[in-house]
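Architecture at a glance
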Amino acid sequence: MKLNKIKKLPLFAIIACACLFPLFTFEWPQENVSADKFFSFFGQKRESTISNSLIFSESEMAKSTDNGIVTTIITEHEDGFNWFESTLGTAVIVSHEDTLMTIYANLDTEELNPELIKNPEVTAGTNLSTTGNSAWQESQSFLEFQIVDTKNKKYVNPLILMPRIGKEETLTLTGISLQNKFGKFYELDTQKNIPAGFYKVFRKRQSKAVPYKTSVLVNGAESERLSFDTLKQEENQLAVESQSYYIASELYPNDEIMLMGEIYLPHGKDTISLLITDFSGIEKSRIYNVTVY
């Protein structure tokens, strides 16, 4: 990948991905891109798993994000198994020089660019197909875009390798609750006296937006940080990697809440600090003072 393709990224995003990926960005796979053009973001809850796709909400022509080779074309009803339909629907998979692979799914089978079969070499902006409804997906969603780090065997959040989209969907830091090891919840907005011990910290889940990272601190010391830059396959399930691996049932125990991290509360007067950051570097924080017995 050529260095003259580098675009500006927030400093924290550059630091986060520099050890994994070259410092460059892809082009967007659709022309019109803004926060309201997405149906769902990478890392969001999706049925019983964590979404590894950036899903667009409007039908447009899908384009190759960079130079590469089309290695696979999956069609809606043919993926090598006559009895099994592809969950991606019709999809085009492109391999790039940097061990990254891009996947363009939920395409319109009838509109596939026939030149892709004749000449699998593509450049940034090569038309692939208009987006359709060929995948197993929610209504009103179209292109499913994925990036795979084939060297490290991880799914990469497209937002860390793409040009900025301008104003992001606003993140919220509400409905904060703690869950102890027995499954009991404590609502921090109303409960200030809490037993000592280990807790999972949850915030109210948003239906579309996902943070870049969340941090939980006790008495000024960071207990845990969750970053949504990559997803790893752990025991056949997608997981967020932190101090441990969090699969969907741990990250999203129900449709209403989302895990921020785990903490230990010692006896005494404790301060719980919560921080949430979007991909533009905009932060929101909340502080709770509790009595721990």
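Residues numbered from 1 in each chain as written. Predicted model: local features only at pLDDT ≥ 70, side-chain atom pairs only at ≥ 80, totals over all residues. Heavy atoms only, no water.

On a plain count of helices and strands, the chain comes out with 3 helices and 24 strands. The buried share of the chain, reckoned over its 293 residues, is 50%. Considering only intrachain contacts with a sequence separation of at least 6, the fraction spanning at least 24 residues in the chain is 65%. (Helix = DSSP H or I, 4+ residues; strand = E, 2+ residues; numbered from the N terminus. Buried < 20%, exposed > 50% of the residue type's maximum accessible area, 1.4 Å probe, protein only. Contact = heavy atoms within 4.5 Å.)

Once that is clear, we can look at unusual backbone geometry. Notably, Lys153 is not glycine yet its phi reads approximately 55°, a positive angle. Tracing the chain through its elements places Lys153 in the loop between β11 (144-149) and β12 (154-156). Residues other than glycine seldom take positive phi values, yet Asn219 does so here, at roughly 55°. Mapped onto the elements, Asn219 comes out in the loop between β17 (213-218) and β18 (221-227).

A word on the pattern of salt bridges. A full pass over the atoms with the stated rule returns 9 salt bridges. Measuring nitrogen to oxygen at the nearest pair gives 3.6 Å for the salt bridge that ties Lys118 to Glu115. Here Lys118 and its partner Glu115 are both found in helix α2 (residues 115-118), 3 residues apart, which amounts to about one turn of the helix. The salt bridge partner of Lys208 is Glu169, with a shortest N-O separation of 3.2 Å. One end of the pair, Lys208, is in the loop between β16 (197-204) and β17; the other, Glu169, is in the loop between β12 and β13 (177-179), with 39 residues separating them in the sequence. Owing to a relative accessible area of 15%, Lys208 belongs among the buried residues under this scheme. (Salt bridge = Lys/Arg side-chain N within 4 Å of Asp/Glu carboxyl O.)

Turning our eyes to something else, we now look at the pairing of β17. Most of β17 sits inside the fold, with 6 of its 6 residues counted as buried. Burial along β17 is two-sided: Lys213, Ser215 and Leu217 and Thr214, Val216 and Val218, pointing in opposite directions, are all buried. The pairing of β17 with β18 spans 6 bridges and is antiparallel. From the neighbouring strand, Thr214 faces β18, where its bridge partner is Leu226. Linking two consecutive strands that pair antiparallel, namely β17 and β18, is a turn of 2 residues; a positive phi of about 55° is found at Asn219 within it. Across 6 bridges, β17 lies against strand β23 (residues 268-277) in antiparallel orientation. Within β23, the residue paired with Lys213 across the bridge is Thr277. (Pairing = 2+ DSSP bridges.)

The full count for this structure, using the stated rule, is 9 aromatic pairs. Their ring planes at 85° and their centres at 6.4 Å tell us that Trp28 and Phe56 sit as a pair that is edge-to-face. With Trp28 in the loop between α1 (11-18) and β1 (38-40) and Phe56 in strand β4 (residues 54-56), the pair connects residues that are 28 residues apart, well separated along the chain. Centroid distance Tyr212 to Phe279: 4.9 Å. Interplanar angle 70°. Geometry classified as edge-to-face. Placement of the pair is Tyr212 in the loop between β16 and β17 and Phe279 in the loop between β23 and β24 (283-292), with a sequence separation of 67 residues. Of the aromatic side chains, those joined through ring pairs into one cluster are Trp28, Phe38, Phe41 and Phe56. Against the face of Tyr252 rests Arg205, its NZ or CZ located 5.9 Å from the ring centre. (Phe/Tyr/Trp six-rings, centres within 6.5 Å; stacked < 30°, edge-to-face > 60°. Lys NZ or Arg CZ within 6 Å of the ring centre and 35° of its normal.)

So, on to the sheet that holds β16. Spatial strand order, β14-β13-β16-β22: 4 strands in an open sheet with antiparallel pairing. The strands lining the two open edges of the sheet, one partner per strand, are β14 (185-187) and β22 (257-265). Along the sheet, successive strands turn relative to each other by an average axial angle of 30°, direction set aside. Bridging between β13 and β16 involves 3 bridges; their strand directions are antiparallel. Its bridge partner being in β16, Ser177 is matched across the sheet by Phe202. (Axes fitted to C-alpha atoms, helices over the stretch in contact; angles between N-to-C directions.)

On average, residues of the chain carry a pLDDT of 86, and 86% of them reach 70 or more. In this model, residues 1-23 is a region of pLDDT below 50 whose contacts with residues beyond four sequence positions or in other chains number 45 contacts. Segment residues 79-85 is flagged for pLDDT under 50; beyond a separation of four residues in sequence, or across chains, it makes 8 contacts in the model. (pLDDT = per-residue confidence, 0-100.)

Here we come to the sheet that holds β18. For sheets, the rule is that strands pair by backbone hydrogen bonds, running either parallel or antiparallel. With mixed pairing, 5 strands are arranged side by side in an open sheet as β15-β24-β23-β17-β18. Either end of the sheet is taken by a strand with one partner, and the two such strands are β15 (193-194) and β18. Of the strand pairs in this sheet, β23 and β24 are connected by 10 bridges, and their pairing is antiparallel. Directly across from Leu275, in β24, lies its bridge partner Ser285.

Once that is clear, we can look at the pairing of β16. Inspection of the sheet shows β16 paired to β22 by 8 bridges, in the antiparallel sense. In the sheet register, Val201 faces β22, and the bridge partner there is Gly261.

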